[in-house]
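What follows is each chain in one-letter form.
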Amino acid sequence: MARFVLTLAVVAALVVPVAPALAHFDATDRYTHNACPATVSNRADPVNVVFRGWGTWGRAASQLEAHAGWSSTTGSIQSFVDHGGCAPMHAQRASGLGARFHVRFRGQHQDAALGWVAVAGAHHEDLVLFPRPCGHAVDSNGPGGSGFDQGRNELERAFASAGHATSRLWWGNTQSFKQCDGDYAASDGWTVVVALHQVNH
Amino acid sequence: MQHGIGRFTVGFVVLVLVGAAGGTPRGNGVSFEPASLRSRDPLLFAGDRTDGLPLTAVLRRSDSAEYVSFVYGDCVPDDDAGCAPPVEIQVWPACRRHLALYDSSSGPDLERLTVRGVPGAVLDSGTRLELQTGRSTIVVFAESRQRLSRIAAELRPLDSRTASGVPLPQPAPGAVEGRLPC
């Protein structure tokens, strides 16, 4: 009988759900993708923003709208990777419809140190109409940095001006991406980390 | 949109780079190399073709990033979305990019290794290789670890037709630790 009880206890311990431990923030894939499953060949943009603290994707989008005024929700869908899984983005915001700042968000696993986490790919892009209309193209590398750097910098400036703590991480995700106007753009490899608060604006 | 002189046609660039690699800028007075690469190490690339892919573009940055990039192969961007070329080799000055940058606990996972006698690391699930040689950091992007290895074996100075596969120059003192001045 005692043996049966012990066996039952062991089985119960194995099958009874317990509160899951917080997963760590997964930064093994530092690019967005044009489709799932994620491959190297369908990488689209560098991930260059991490929201932490109360960094849910909804708060990130809401607080970005409040601080930067990026309220347009237009743009194509891209996907993000988290712990080996690939899934479409949760939201996007842009500063307009033509030449504009644009960012795509996806919420990630909660992290014991960072709290709620969302990641994003920010950039500045132009609307390409000539010689062939092809939608938006991220600004190529130039004296002010690439469109990826410009978008990250503008987002960082908007949040920092509103009192959010920001810092930078070196990820080195500097792979170049060919744009529909034939030019190339790449991140400078730095990712900004932005602390979000619980209350939206 | 294109800004400045970041992209050159390949034929023109090879001419300019061969000159620039020797420290003498050529071609319309354009100095192609970033200032902190100039007159230091010869630029390394993988030749006119590597792993079956032609050299299709040479890019240069000298702003918040600083490198010369050799793009191999092509891709077709979708409307509203960029695409990743199959292979890219970026040559950075080690004072701007070095392995010590990854020492932060929040940085990406990396596997340290030795390639052609010099220290390096594989990152991004085997799709990025970084090597430190002389006063430069060579960054290779490719779809697989096997392709990274083949391209690393092909690295050679821009002005050399051979020398691939031989050991690379050791990193300058302080280069791996990020203590080189720019």
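Up top is the structure these notes are about.
All values reported here derive from a predicted model rather than from experimental measurement. (Residues numbered from 1 in each chain as written. Chains lettered and ligands numbered in written order. Predicted model: local features only at pLDDT ≥ 70, side-chain atom pairs only at ≥ 80, totals over all residues.)

Caption draft 1: A look at the environment of Asp51 of chain B. Residues and elements named next belong to chain B. Mapping Asp51 onto the fold places it in the loop between strand 3 (49-50) and strand 4 (53-62). Residue classification places Asp51 among the partly exposed positions, given that 17 C-beta atoms sit within 10 Å. Asp51 sits 123 residues away from Gly174 along the chain, and the two C-alpha atoms are 33 Å apart. Once residues lying within four places of it in the same chain are set aside, the contact partners of Asp51 are Val87, Arg147, Arg150 and Ile151. (Helix = DSSP H or I, 4+ residues; strand = E, 2+ residues; numbered from the N terminus. Buried ≥ 20, exposed ≤ 12 C-beta atoms within 10 Å, placed from the backbone. Contact = placed C-beta atoms within 7 Å.)

Caption draft 2: Seen up close, the packing of helix 2 (residues 57-68) of chain A against helix 3 (residues 147-161) of chain A. All names here are of chain A. It is the contact of helix 2 with helix 3, at a shortest axis distance of 9 Å, that shows an interaxial angle of 80 degrees. Our classification of the angle between helix 2 and helix 3 gives roughly perpendicular. Mapping the contact onto sequence places Leu64, His67 and Ala68 in helix 2 and Glu154, Leu155, Ala158 and Phe159 in helix 3. In the contact of helix 2 with helix 3, the residues fall into five nonpolar, one polar and one charged. (Axes fitted to C-alpha atoms, helices over the stretch in contact; angles between N-to-C directions. Parallel < 35°, antiparallel > 145°, perpendicular 65-115°, else oblique. Nonpolar A, V, L, I, M, F, W, Y, C, P; charged D, E, K, R; others polar.)

Caption draft 3: The arrangement of helix 2 (residues 145-154) of chain B in detail. All names here are of chain B. Listed as buried for helix 2 are Arg147, Leu148, Ile151 and Ala152. Each buried residue of helix 2 lies within a common arc of 135 degrees when the element is viewed along its axis, so the set occupies one face. Elements that come into contact with the buried residues of helix 2 comprise strand 3, strand 6 (87-93), strand 7 (111-115), strand 9 (128-133) and strand 10 (136-141). (Arc of directions from axis to C-beta.)

Caption draft 4: Local environment of the interface of chain B and chain A. Counting residues at the interface gives 39 residues for chain B and 42 residues for chain A. Broken down by secondary-structure element, the contributors of at least two residues to the side of chain B that touches chain A are strand 4, strand 5 (66-72), strand 6 and strand 10 of chain B. For the side of chain B that touches chain A, the element with the highest residue contribution is strand 4 of chain B, accounting for three residues. Its residues assigned to classes, the side of chain B that touches chain A shows 16 nonpolar, 13 polar and 10 charged.

Caption draft 5: Looking closely at the nonpolar core. With 79 residues, the main nonpolar core has Val49, Ala60 and Ala120 of chain A together with Val140 of chain B as its most contacted residues. Setting aside residues up to four positions removed in sequence, Ala60 of chain A forms contacts with Phe51, Gly55, Phe105, Ala118, Ala120 and Leu196 of chain A. (Core = buried A, V, L, I, M, F, W, Y, C linked by C-beta atoms within 7 Å.)

Caption draft 6: Highlighting helix 3 of chain A. Residue and element names in this part refer to chain A. Under the 1.5 Å per step criterion, the end-to-end length of helix 3 is 21 Å for 15 residues, consistent within 8% with the ideal 21 Å. Along helix 3, the residues that are buried comprise Gly147, Phe148, Asp149, Gln150, Gly151, Arg152, Asn153, Leu155, Glu156 and Phe159. Gly163 sits one or two residues past helix 3 and shows a positive phi near 95 degrees. (Expected span 1.5 Å × (residues − 1).)

Caption draft 7: The arrangement of unusual backbone geometry in detail. For the peptide bond that leads from Cys36 of chain A to Pro37 of chain A, omega is 0 degrees, which places it in the cis range. Assignment of secondary structure puts Pro37 of chain A in the loop between strand 1 (31-33) and strand 2 (43-46). Of note, the phi angle at His83 of chain A is positive, near 50 degrees, even though the residue is not glycine. With respect to the helices, strands and loops of the structure, His83 of chain A is situated in the loop between strand 4 (79-82) and strand 5 (85-88). The class for His83 of chain A is exposed, based on 12 C-beta atoms found within 10 Å. Within the chain, Arg116 of chain B stands out as a residue other than glycine whose phi angle is a positive 50 degrees. Looking at where Arg116 of chain B falls in the secondary structure, it is placed in the loop between strand 7 and strand 8 (118-123). The partly exposed category is assigned to Arg116 of chain B, around which 16 C-beta atoms lie within 10 Å.

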